[in-house]
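# Coordinate analysis (summary)
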Amino acid sequence: MAQLQKNQIHTVTVTGYTAEGLGVARAEGQVVFIHGGVRGEECAVRILKVLKNVAYGRVEEILTRSPARREPDCPHYPACGGCDFRHVSYEEELEAKRQRVEDALRRIVEEGHTLGMHSYTHDYDQIYESVESFAEDFERVRDYLYEVTGVESTVYRFPGGSSNAVSHIDMREFAEYLDSQEIRFFDWNISSGDGGSFLVPVEMLIENCTATIKDHGTSVVLMHDGTAKSTTLEALPEIIETIQAMEDTVLLPITDETSVVQHIQWKSEGQEASDYNR
């Protein structure tokens, strides 16, 4: 297999997208991320940069044009870096994002992690309107995850947590519904603090996520993975390394044997109690 070289021109077929909207193709057996690439197109690509495991290129000529290609509606695209898919139709953008999410879900399962549910819509008003509305949303996310991964998830986290102040219905009713479906819900006993609209500094995130782990038998850390949470992404490797370096502490997937962490007491007397303070 010949090594790609800068400024070479290769004819490739774009097969997908990166998270940043770059086209993905292979040239000489090597992965190439392509600025302006659209899935399904055959194009001539100029190699701009070659790294150890991947190369970057740009479209020099479109040989077979995709019907999904669009002229960008912003004169600053893609130079400003604020948008990723202005060169394709909205339908193509949605499909690319759907595939990205489903690839991530399958990877979670394949790598031995726990696949948890956190609602289908994340629409508080709709989800907590009634137990029936909650059940409908729950069934949608449960069935979707099974369709994508072949795994039946048995773990749930309430939007806003079981102690949220949004629901006008007693959260114990939703907890009892989940129990009837043989689903265990988890809250958290450690918070990264990244749930607000501002960026939390990396150092603070690391401190928030690791300082009190020793105080709990089972620790569940709340973090968010939205696209705007750049410092959370940056802090995560050090958070993991810090926890791994602690004595008598291991990172484990949630299983049926994991002690639950729940904010509310909802089981009747004589049943297993929540152990939020473990």
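Heads up: these notes are all about the structure in this document.

## Topic: the overall build of the protein
Along its length, the protein carries six helices and 10 strands. For the protein, restricting intrachain contacts to residue pairs at least 6 apart in sequence, the fraction spanning at least 24 positions comes to 60%. Of the roughly 16600 Å² that the protein leaves accessible, carbon and sulfur atoms contribute 49%.

## Overview of helix α3 (residues 131-149)
In this model α3 runs 27 Å from its N-terminal to its C-terminal C-alpha over 19 residues, within 8% of the 27 Å that 1.5 Å per residue would give. All buried positions along α3 are accounted for by S133, F134, A135, D137, F138, V141, L145, V148 and T149. Those residues of α3 hidden inside the fold are in contact with α1 (90-110), α2 (124-127), β7 (155-156) and α4 (171-180).

## With respect to the packing of aromatic side chains
Summed over the entire model, instances satisfying the criterion amount to 15 aromatic pairs. Taking 5.8 Å as the distance between ring centres and 85 degrees as the angle between the ring planes, the aromatic pair formed by F138 and Y177 counts as edge-to-face. With F138 in helix α3 and Y177 in helix α4, the pair connects residues that are 39 residues apart, well separated along the chain. When sorted by exposure, F138 lands in the same class as Y177, which is buried. By way of ring pairs, the aromatic residues Y124, Y128, F134, F138, Y156, F158, F174, Y177, F185 and W266 are connected into one cluster. The ring of Y56 has K49 sitting right over it, with the charged end atom 5.3 Å from the ring centre.

## Quick notes on the nonpolar core
Most often, soluble globular proteins keep nonpolar side chains buried together rather than apart. Of all hydrophobic cores here, the largest spans 22 residues; its most connected members are F134, F138, Y156, F158, L178 and F185. It is α3 that provides the largest number of residues to this core, a total of six residues. For F138, the contacting residues outside a window of four places in its chain are M117, Y156, Y177, L178, Q181 and I183. L4, A25, A27 and C43 belong to the second-largest nonpolar core, a separate cluster that totals 11 residues.

## A few points about the side chain of S130
Along the chain, S130 turns up in the loop between α2 and α3. Discounting chain neighbours no more than four positions away, the residues touching S130 are I169 and F174.

## Things to note about α1
An α-helix turns once per 3.6 residues; consequently, residues spaced three or four apart project the same way. The end-to-end C-alpha separation of α1 is 30 Å, in line with the 30 Å expected for 21 residues at 1.5 Å each. Those residues of α1 lying buried are E92, E93, A96, E102 and L105. At the exit of α1 stands G112, carrying a positive phi of roughly 85 degrees.

## Topic: a negative patch on the surface
Together, E173, E176, D179 and E182 line one region of the surface with negative charge. Checked against the element boundaries, E176 lands in helix α4.

## Examining the packing of helix α5 (residues 202-210) against helix α6 (residues 230-244)
α6 packs onto α5 with a crossing angle of 40 degrees between their chain directions and a minimal axis gap of 9 Å. The orientation of α5 with respect to α6, classified from their angle, is oblique. Like other packed secondary-structure pairs, α5 and α6 cross with a definite hand, here right-handed. Every residue of α6 that contacts α5 at V202, L205, I206, C209 and T210 is listed here: T231, T232, E234, A235, E238, I239, T242 and I243. When the residues that make up the contact of α5 with α6 are grouped by side-chain class, the tally is seven nonpolar, four polar and two charged.

## Quick notes on the packing of α1 against α3
Close contact between α1 and α3 brings their axes to 9 Å; oriented N to C, the two are set at 80 degrees. Between α1 and α3, the interaxial angle falls into the category roughly perpendicular. Contact with α1, carried on its side by R98, V101, E102, L105, R106 and V109, involves Y144, L145, V148 and T149 of α3 and no other residues of that element. Class assignment of the residues belonging to the contact of α1 with α3 gives a composition of six nonpolar, one polar and three charged.

## What to know about the side chain of T232
Along the chain, the position of T232 falls in helix α6. A residue is classified by how much of its surface remains accessible, and T232, at 7% relative accessible area, is buried. Within the structure, the side chain of T232 is placed 2.9 Å from the side chain of D194, a separation counted as a polar contact.

Conventions and cut-offs
- Residues numbered from 1 in each chain as written.
- Predicted model: local features only at pLDDT ≥ 70, side-chain atom pairs only at ≥ 80, totals over all residues.
- Heavy atoms only, no water.
- Helix = DSSP H or I, 4+ residues; strand = E, 2+ residues; numbered from the N terminus.
- Contact = heavy atoms within 4.5 Å.
- Areas by Shrake-Rupley, 256 points an atom, 1.4 Å probe, with all protein chains shown as cover.
- Expected span 1.5 Å × (residues − 1).
- Buried < 20%, exposed > 50% of the residue type's maximum accessible area, 1.4 Å probe, protein only.
- Phe/Tyr/Trp six-rings, centres within 6.5 Å; stacked < 30°, edge-to-face > 60°.
- Lys NZ or Arg CZ within 6 Å of the ring centre and 35° of its normal.
- Core = buried A, V, L, I, M, F, W, Y, C linked by side-chain atoms within 4.5 Å.
- Patch = residues over 30% accessible without salt bridge, like charges linked within 9 Å, V, L, I, M, F, W, Y side chains within 5 Å.
- Salt bridge = Lys/Arg side-chain N within 4 Å of Asp/Glu carboxyl O.
- Lys, Arg positive; Asp, Glu negative; His and termini not counted.
- Charge placed at Lys NZ, Arg CZ, Asp CG, Glu CD.
- Axes fitted to C-alpha atoms, helices over the stretch in contact; angles between N-to-C directions.
- Parallel < 35°, antiparallel > 145°, perpendicular 65-115°, else oblique.
- Left-handed = near helix turned anticlockwise from the far one by under 90°.
- Nonpolar A, V, L, I, M, F, W, Y, C, P; charged D, E, K, R; others polar.
- Polar contact = N/O pair within 3.5 Å; in protein donor to acceptor, adjacent residues only side chain to side chain.

Purely geometric numbers; function is a separate question.
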